[in-house]
Protein chains: 2
Amino acid sequence: MADMEEWKDGLSAAAEDAPNFETQHEQRIEEMSRLLEEKQMKRLQSVLEETEEFEVAEFLMALPPHQMATVFRMLSKEQGAAVFAELDAQEQEYIINTITDSELGSILDELYLDDTVDMMEELPANVVKRVMRIATPQTRALINQYLKYPENSAGSIMTAEFIDLKKYMTVKESFARIRRLAADMETIYTCFVTSGDRKLEGTVTVKDLIMADESAVIESIMDSSAVFCRTTDDQEDVSGMFSDYDLLALPVVDRENRLVGIVTVDDVMDVMEQEATEDIEAMAAIKPSTRPYLKTGVLSLWRNRIPWLLLLMVSATFTGMIITSFEDALAAQVALTAFIPMLMDTGGNSGSQSSVTIIRGLSLGDLEFSNFLQVIWKEIRVALLCGATLAAATFLKVLLIDRLLLGNDSITILVAATVCLTMLVTVVCAKIVGCSLPMLAEKVGLDPAVMASPFITTIVDAVSLLIYFNIAKALLHI
Amino acid sequence: MADMEEWKDGLSAAAEDAPNFETQHEQRIEEMSRLLEEKQMKRLQSVLEETEEFEVAEFLMALPPHQMATVFRMLSKEQGAAVFAELDAQEQEYIINTITDSELGSILDELYLDDTVDMMEELPANVVKRVMRIATPQTRALINQYLKYPENSAGSIMTAEFIDLKKYMTVKESFARIRRLAADMETIYTCFVTSGDRKLEGTVTVKDLIMADESAVIESIMDSSAVFCRTTDDQEDVSGMFSDYDLLALPVVDRENRLVGIVTVDDVMDVMEQEATEDIEAMAAIKPSTRPYLKTGVLSLWRNRIPWLLLLMVSATFTGMIITSFEDALAAQVALTAFIPMLMDTGGNSGSQSSVTIIRGLSLGDLEFSNFLQVIWKEIRVALLCGATLAAATFLKVLLIDRLLLGNDSITILVAATVCLTMLVTVVCAKIVGCSLPMLAEKVGLDPAVMASPFITTIVDAVSLLIYFNIAKALLHI
């Protein structure tokens, strides 16, 4: 009762100055820090008990390592495991190294298998060895099986804890089984009906069970055409199925259609976040990493960024060679040089817009390679509109600002025409390159996200210069 | 039974050539198209009944409008509403315009409120009018209330259908209430305990109810410190709470702490997808749009892309002015011009890498403004490493390829040194600009995603040219 009263007091106080979620969250963490500082361990322990695992984990990660280990040991067995799963690999490693084998054993008992596997993938080899030694033989076998699934596959994100029912069970028997198993399950709201040889026969939701008669048989209420995926399916496709079908859990079957695990919606949300981050990083010419920025070392950041920078720098050599080969023309009409950055940048930006739009469409499944011609035709029309607008703006800007206002007499009408015509042709070419490269990459099995701004810019730079100098030669006879 | 047998046959067949989810999905759609073509309406109807709403919607959207309307009318009332919710605005509008008032009324009855509100936001005014006229007064009041919540707020994505319990109810009574209400609910697995004046007092999950004794009172098992959000909270913060706390549903309260709705996990997944798309589009200098690419008209695409292109083009004027002011120096050392694109591009790419990393960190909540100095210091070190690597590579490339291999004698050691030193300084400046602008944007309340590649590139272009020409003046005395 005290709790509830306190919470309602908090609520009424909240109503006055309407603090948002962030503020409540920070207040709780501040209170815990204060209690720890004042060594009020009893009170700290009772606050910890009432705090969500995610917040306890945040609190722990902000502490110096030795204090973190002390506070961690104050948690109950169940809460300890749940908090442990929320920690980053670095903190998990530190805690594993400071606790006894039996403490580690009881954490492993409580951890959900998918969290254990995630942890194993991040830990250094010697720590993995100790964990494997302490785990029960059954857990060890499961971990080994899981670690074999390819990265980013459904198998690598599934969990082995699920409620399986038989089709001859009654609703009443099913509830009894759910009640018995629920404590150890990540989700109970979708149950999976399997045959004697563990083949998946259907699914039944707790909602169906609640609405059915107690004596009804599972077979009569189960959904026998429920969607499922295979262990080898890509996690991105799996997350697509969750949003298409509004699922809470999806069964994962092996090649023999035996049910081997389930993917739950909370893991899918992590996948969505991770896949979006990977796409965004690839689009900015960075090798994707899974660690948060502040936890990534300077050397790792350098390693993730330098390969693309070097590659793109070398590619820019062609641009330099094009300029060199037109050196004489540039010397004859120095005014032309000043427009190079504007033409290259606008071309690059136009191309990036198209490529990023197409990349996102491909990754959300809105587009596929069969839309190729449709996309090109749409982009050409958009490019003509954009190009014409930009050319008109350029024409005005060049004549009014550069020639009249800044009094640059070397800018003749013909020079202005050269720049504007180049603008139009460059934008059209840039948008065609920008929309077609990601689709071609997808077709040949490369990651389309790589075909974003930096790559497109490098190609469009060379293309725009060639267009510029050739139009200049034709119009200005240089 | 026949269904299940068919499905298992399908499964065994599947095992042989292991078709993935895509294939099964396409086969079902092909079958439906074939039945429609052969006018086997009875069989089509029975296939439709067994098919997931999402797939029926996909099938409908591929049909010409008049056929779509015909097939839509074959669906049962419940399935019709669920399929309707999955259609795009364009198809929804067509169907609304072809059905009778009473048909529309029964769809509105069946639709979940949040789907109705989504639809209303997309429909043209005259169609909205008709829908509002036909809706029941109660629905109409709710729609009006919802439409008033700001875009992208928790209020705008919440649904009004939820199960509310009282704290004095027993578990048995609660199950009876759930059973009575479940059919109309989007989710039943989290129930919300409210006081007489509709204030939120706690939450209880169906898992808690299943595991509790039938005679237990809700008050004794409910979680009275459950997280909640306010109608005005940003949807991005709400989706952060879902992944932090692994929620299936989150209560939304108004300023008086009255429970007004809930946000469900399926809507949050849509939010995550939408927010990532918006970030990605903003990063590529595109005004975010919510329609899929193939459904967006050429004019809308143009309108979304041209403002940034024009703005960035005008900004590139400064770059042109810088080149013009150094025209004499360039004429004295023509070799310098050829390196301009490489220096500008590499600077732009380095800056984009930093800005995109920081933008993503900010949007995932890994970073905030208080990390400013920490971030700058990390980026400076990464920049020095990247800059040194790139400068060394440039030095080798310039001397070996440009001078020796291509025999360009105008490239002296001093020119090479100028280029390399510029590279180092440019990369450091680019990374500082790239990491600080998004954080400053966040601080002053702008969207950090705008401070990505195109914007950074434009600034870094000007900066790199200034660095280049000043180093050239100092080293080459021009």
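If you're wondering where the values come from, they're calculated on a predicted model, not measured in any experiment. (Residues numbered from 1 in each chain as written. Chains lettered and ligands numbered in written order. Predicted model: local features only at pLDDT ≥ 70, side-chain atom pairs only at ≥ 80, totals over all residues. Heavy atoms only, no water.)

**Brief notes about the overall build of chain A**
Of regular secondary structure, chain A possesses 24 helices and six strands. For chain A, the spread of C-alpha atoms along the principal axes amounts to about 90 × 60 × 50 Å. The buried share of chain A, reckoned over its 478 residues, is 54%. Nonlocal contacts in chain A, meaning residues at least 24 apart in sequence, comprise 67% of its contacts between residues at least 6 apart. When the accessible area of chain A is evaluated, it comes to approximately 20,100 Å², of which 56% is carbon and sulfur surface. (Helix = DSSP H or I, 4+ residues; strand = E, 2+ residues; numbered from the N terminus. Buried < 20%, exposed > 50% of the residue type's maximum accessible area, 1.4 Å probe, protein only. Contact = heavy atoms within 4.5 Å. Areas by Shrake-Rupley, 256 points an atom, 1.4 Å probe, with all protein chains shown as cover.)

**Digging into the relation of the copies chain B and chain A**
The transformation that overlays chain B on chain A combines an axial shift of 0.0 Å with a rotation of 180°, and the residual RMSD is 0.1 Å. Expressed as an axis order, the relation between the two copies is that of a two-fold axis. (Least-squares fit on C-alpha atoms with pLDDT ≥ 70 in both.)

**Description of the layout of surface pockets**
Computed from the structure, the second largest pocket encloses a volume of approximately 440 Å³. Contributing to the lining of the second largest pocket are 18 residues, with F175(A), R179(A), E214(A), R179(B) and E214(B) lying nearest its centre. At the level of secondary structure, the elements contributing two or more residues to the lining of the second largest pocket comprise α13 (171-181) and α14 (206-211) of chain A together with α13 (171-181) and α14 (206-211) of chain B. Of the residues belonging to the lining of the second largest pocket, the class tally is 12 nonpolar, no polar and six charged. (1 Å grid on protein atoms, 1.4 Å probe; cavity = no way out; pocket = protein on both sides within 12 Å on 5 of 7 lines; lining within 4 Å. Points joined across faces, edges and corners; volume = space filled by probe spheres on them. Nonpolar A, V, L, I, M, F, W, Y, C, P; charged D, E, K, R; others polar.)

**Remarks on the interface of chain B and chain A**
On the chain A side, the residues contacting the 137 residues of chain B number 138 residues. Between the two partners, chain B and chain A, sit two salt bridges. As a salt-bridge pair, R305(B) and E379(A) come within 2.9 Å of each other at their nearest N and O atoms. Counting across the chain B and chain A interface gives 26 residue pairs in polar contact (both at pLDDT 80 or more). Sorting elements by how many residues they give to the side of chain B that touches chain A places helix α20 (residues 335-364) of chain B first, with 18 residues. Each residue belonging to the side of chain B that touches chain A can be placed in one class, and the counts come to 73 nonpolar, 31 polar and 33 charged. (Salt bridge = Lys/Arg side-chain N within 4 Å of Asp/Glu carboxyl O. Polar contact = N/O pair within 3.5 Å; in protein donor to acceptor, adjacent residues only side chain to side chain.)

**Structural notes on the side chain of R177(B)**
Residues and elements named next belong to chain B. Looking at the element boundaries, R177 is found in helix α13. According to the relative accessible area criterion, R177 is buried, its value standing at 19%. Of the polar contacts made by the side chain of R177, one reaches the backbone oxygen of D164; its length is 2.6 Å. Discounting chain neighbours no more than four positions away, the residues touching R177 are D164, L165 and M169.

**Some details on the pairing of strand β3 (residues 200-205) of chain A**
On any regular strand, side chains alternate: one points to one face of the sheet, the next to the other face. All names here are of chain A. Counting buried residues in β3 gives five out of six residues, a clear majority hidden from the surface. By the bridge criterion, five bridges tie strand β2 (residues 190-194) to β3 in an arrangement that is antiparallel. Bridging from a neighbouring strand, F192 pairs with T203 of β3. Turn length for the β2-β3 hairpin, with the two strands adjacent in sequence and antiparallel, is five residues, and the turn residue R198 shows positive phi of about 65°. (Pairing = 2+ DSSP bridges.)

**Points about the pattern of salt bridges**
Residues and elements named next belong to chain A. Counted under the stated rule, the structure contains 22 salt bridges over all chains. One salt bridge in this structure joins D164 and R177, with 2.7 Å as the shortest N-O distance. Here R177 lies in helix α13 and D164 lies in strand β1 (residues 164-165), a separation of 13 residues in the sequence. The exposure class of D164 is partly exposed, given its relative accessible area of 22%.

**A word on the sheet that holds strand β2 (residues 190-194) of chain B**
Residues and elements named next belong to chain B. The strand order across the open sheet formed by three strands is β1-β2-β3, and the pairing between neighbours is mixed. Two strands close off the open sheet at either side, each with one partner strand: β1 (164-165) and β3 (200-205). Both β1 and β2 contribute to a ladder of two bridges, which runs parallel. By the bridge assignment, D164 is partnered in β2 with F192.

**Remarks on the sheet that holds strand β6 (residues 259-264) of chain A**
Residues and elements named next belong to chain A. Across the sheet, which stays open at both edges, the three strands sit in the order β4-β5-β6 with mixed pairing between neighbours. Two strands bound the open sheet, and with one partner strand each, they are β4 (229-230) and β6. When β4 meets strand β5 (residues 249-253), the two strands line up parallel, connected through two bridges. Bridge pairing in β5 places C229 opposite V252.

**Concerning the packing of helix α8 (residues 101-110) of chain B against helix α10 (residues 125-134) of chain B**
Residue and element names in this part refer to chain B. Direction vectors running N to C along α8 and α10 enclose 75°, while the axes themselves pass 9 Å from each other. Classified by the interaxial angle, the pair formed by α8 and α10 is roughly perpendicular. Together, D101, L104, G105 and L108 of α8 and R130, V131, R133 and I134 of α10 make up the contact between the two elements. In the contact of α8 with α10, the residues fall into four nonpolar, one polar and three charged. (Axes fitted to C-alpha atoms, helices over the stretch in contact; angles between N-to-C directions. Parallel < 35°, antiparallel > 145°, perpendicular 65-115°, else oblique.)

**Considerations on unusual backbone geometry**
Not every positive phi belongs to a glycine, and N257(A) is a case in point at roughly 60°. As for its placement among the helices and strands, N257(A) is situated in the loop between β5 and β6.

**Details of a nonpolar patch on the surface**
Taken together, F318(A), M321(A), L396(B), L400(B), I401(B), L404(B), L405(B) and L406(B) make up a surface patch of nonpolar side chains, about 850 Å² in accessible area. When residues of the nonpolar patch are traced back to their parent elements, those giving at least two are α18 (298-325) of chain A together with α21 (372-405) of chain B. As for its placement among the helices and strands, L396(B) is situated in helix α21. (Patch = residues over 30% accessible without salt bridge, like charges linked within 9 Å, V, L, I, M, F, W, Y side chains within 5 Å.)

**So, the side chain of T159(B)**
Residues and elements named next belong to chain B. Structurally, T159 is set in the loop between α12 (154-157) and β1. In terms of polar contacts, T159 uses its side chain to reach the side chain of E161, at 2.7 Å. Apart from the residues lying within four places of it in its own chain, the contact partners of T159 are L113, D114, Y146, E186, G261, I262 and T264.

**Some points on empty space enclosed by the protein**
Any space left empty among the atoms is revealed by the rolling of a water-sized probe across them. Within this structure, the stated rule accounts for five cavities of 30 Å³ or more. A volume near 190 Å³ is recorded for the largest cavity. Lining the largest cavity are 18 residues; nearest its centre among them are N349(A), T457(A), N349(B), S453(B) and T457(B). Secondary structure elements with two or more residues in the lining of the largest cavity: α21 (340-364) and α24 (453-476) of chain A together with α20 and α23 (453-476) of chain B. A class-by-class count of the residues in the lining of the largest cavity yields four nonpolar, 10 polar and four charged. Within this model, the second largest cavity holds a volume of roughly 80 Å³. Every residue along the wall of the second largest cavity is listed here: I280(A), M283(A), A284(A), V356(A), S453(A), I280(B), M283(B), A284(B), V356(B) and S453(B). Of all the secondary-structure elements, those providing two or more residues to the lining of the second largest cavity are α17 (265-283) of chain A together with α17 (265-283) of chain B.

**As for the packing of helix α7 (residues 89-98) of chain B against α10(B)**
Residues and elements named next belong to chain B. Running from N to C, α7 and α10 cross one another at 55°; their axes reach a closest spacing of 11 Å. Of the possible angle classes, the one that applies to α7 and α10 is oblique. Judged by the twist between their axes, the crossing of α7 over α10 is left-handed. In contact with E93, I96 and N97 of α7, α10 contributes V127, R130 and V131. Tallied by class, residues from the contact of α7 with α10 come to three nonpolar, one polar and two charged. (Left-handed = near helix turned anticlockwise from the far one by under 90°.)

**Here we look at the pairing of β6(A)**
Residues and elements named next belong to chain A. Here β6 lies mainly inside the structure; six of its six residues are buried. In this structure, β5 lies alongside β6, joined through five bridges in antiparallel fashion. Across the sheet, the residue bridging to P251 is I262, located in β6. The turn linking β5 back onto β6 is made up of five residues, and N257 within it adopts a positive phi angle of 60°.

**Here's the deal with the environment of P454(A)**
Take P454(A): it is sitting in helix α24. Here P454(A) falls in the buried class, since its relative accessible area comes to 7%. Discounting residues that sit within four places of it in the chain, P454(A) has contacts with M283(A), A284(A), A285(A), L312(A) and N349(B).

**Quick word on the confidence of the model for chain A**
Residue and element names in this part refer to chain A. On average, chain A scores 84 in pLDDT, and the residues at 70 or more come to 95%. When the criterion is pLDDT under 50, residues 1-19 qualifies, and its contacts beyond four places in sequence or with other chains add up to 30 contacts. With pTM at 0.71, the complex prediction returns an ipTM value of 0.71. (pLDDT = per-residue confidence, 0-100.)

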